[in-house]
Amino acid sequence: MTLLAAQVSTMEVDVPMGVKMDFIEKYRDDAILVGLACDFPPIILLVQAALETGWGKHIVSNNLYGIKDVPWLPGSVEATTAEYDGEWKTEIHSFETFDSPLESMLAYIVKIRTEDRYKTSCWETRRTPLTYFQKLQEAGYATDPDYAKKLTEIYDNFPDWEKE
């Protein structure tokens, strides 16, 4: 989990609407394309990227999901992150680098669809976002004990992104 995602308060609604709409405009088309190609709800891609990046304010190497270095893609960069283990700690981890946000979204789908800890619990619940968020937390996607709650709050307050 990126440093920002760990520090996002439950005051999600305090994010200015202009910031949210800029984020949606920038990533909506890629999320829709990936969603259609991979049978995955674009709203989940957008909500989780919003949390992980602070609505696009903190992105390292086009990595929208805080994906740590994976063996099947070359390139990584070290970045500061917050991890929770009974208390918040700042650590440095290696995060995957991507050529584009679209590539990041595709890598996220590959991770959720193929890694054992995600493919049954998360992938199977992808059509029910609130359940998906809970299963994602239970599978250990992030160390934040409020991760599912934060995702749910963003989802519940997500602007109309499907217009036009």
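Reading the values: rules and limits
- Residues numbered from 1 in each chain as written.
- Predicted model: local features only at pLDDT ≥ 70, side-chain atom pairs only at ≥ 80, totals over all residues.
- Heavy atoms only, no water.
- Helix = DSSP H or I, 4+ residues; strand = E, 2+ residues; numbered from the N terminus.
- Buried < 20%, exposed > 50% of the residue type's maximum accessible area, 1.4 Å probe, protein only.
- Phe/Tyr/Trp six-rings, centres within 6.5 Å; stacked < 30°, edge-to-face > 60°.
- pLDDT = per-residue confidence, 0-100.
- Contact = heavy atoms within 4.5 Å.
- Polar contact = N/O pair within 3.5 Å; in protein donor to acceptor, adjacent residues only side chain to side chain.
- Axes fitted to C-alpha atoms, helices over the stretch in contact; angles between N-to-C directions.
- Left-handed = near helix turned anticlockwise from the far one by under 90°.
- Nonpolar A, V, L, I, M, F, W, Y, C, P; charged D, E, K, R; others polar.
- Disulfide = S-S within 2.5 Å.
- Arc of directions from axis to C-beta.

*Asks:* Report on unusual backbone geometry, specifying residues and quantitative values.
*Replies:* We note that S61 has phi near 55°; this positive angle belongs to a residue other than glycine. Along the chain, S61 turns up in the loop between α3 (42–53) and β1 (76–84). With relative accessibility at 30%, the residue S61 sits in the partly exposed group. Even without being a glycine, N62 presents a positive backbone phi close to 60°. If you trace the backbone, N62 turns up in the loop between α3 and β1.

*Asks:* Before we move on, could you go through the packing of aromatic side chains and cite the residues and values that matter?
*Replies:* In total, this model carries 13 aromatic pairs according to the counting rule given. Each ring, one from F133 and one from Y155, has its centre 6.0 Å from the other, and the planes form 70°; the classification is edge-to-face. Pair noted here: F133 is in helix α6 (residues 129–138) and Y155 is in helix α7 (residues 147–156), with a separation of 22 residues, a long-range link. We classify F133 as buried; its relative accessible area is 1%.

*Asks:* Residues and numbers for the confidence of the model for the protein, please.
*Replies:* The pLDDT averaged across the protein works out to 90; a share of 91% of its residues lies at or above 70. Here residues 1–11 scores under 50 on pLDDT; set against residues more than four positions off or in separate chains, the count is 35 contacts.

*Asks:* Provide a residue-level description of the side chain of E83, including the pertinent values.
*Replies:* Residue placement: E83 occurs in strand β1. At 2.9 Å, the side chain of E83 forms a polar contact with the side chain of K68. Engagement of the side chain of E83 in a polar contact is seen with the side chain of T143, the distance being 3.0 Å.

*Asks:* Help me get a handle on the packing of helix α2 (residues 17–38) against helix α4 (residues 101–114), residues and values and all.
*Replies:* Orientation of α2 relative to α4, taken along the N-to-C sense of each, is 35°, at an axis distance of 10 Å. The element α2 and its partner α4 pack so that their crossing is right-handed. The segment α2 lies against α4, with Y27, D30, A31, L33, V34 and C38 engaging P101, L102, M105, L106, I109 and R113. Taken together, the residues of the contact of α2 with α4 sort by class into ten nonpolar, no polar and two charged.

*Asks:* Quick rundown of the state of the cysteines? Include the residues and the values.
*Replies:* In the structure shown here, the tally under the stated rule is zero disulfides. Looking at C38, it has no disulfide partner, and the nearest cysteine sulfur is the one in C122, 16 Å off. Since its relative accessible area comes to 13%, C38 is described here as buried. By relative accessible area, C122 is classed as buried at 0%.

*Asks:* Talk me through α6; I want residue IDs and the actual numbers.
*Replies:* If you check which residues of α6 are buried, you get P129, Y132, F133, L136 and Q137. Relative to the axis of α6, the buried residues are bounded by an arc of 135° and lie together on one face. As for α6, its buried residues are in contact with α3, α4, α5 (116–119) and α7. A positive backbone phi angle near 90° is found at G140, which sits one or two residues after α6.

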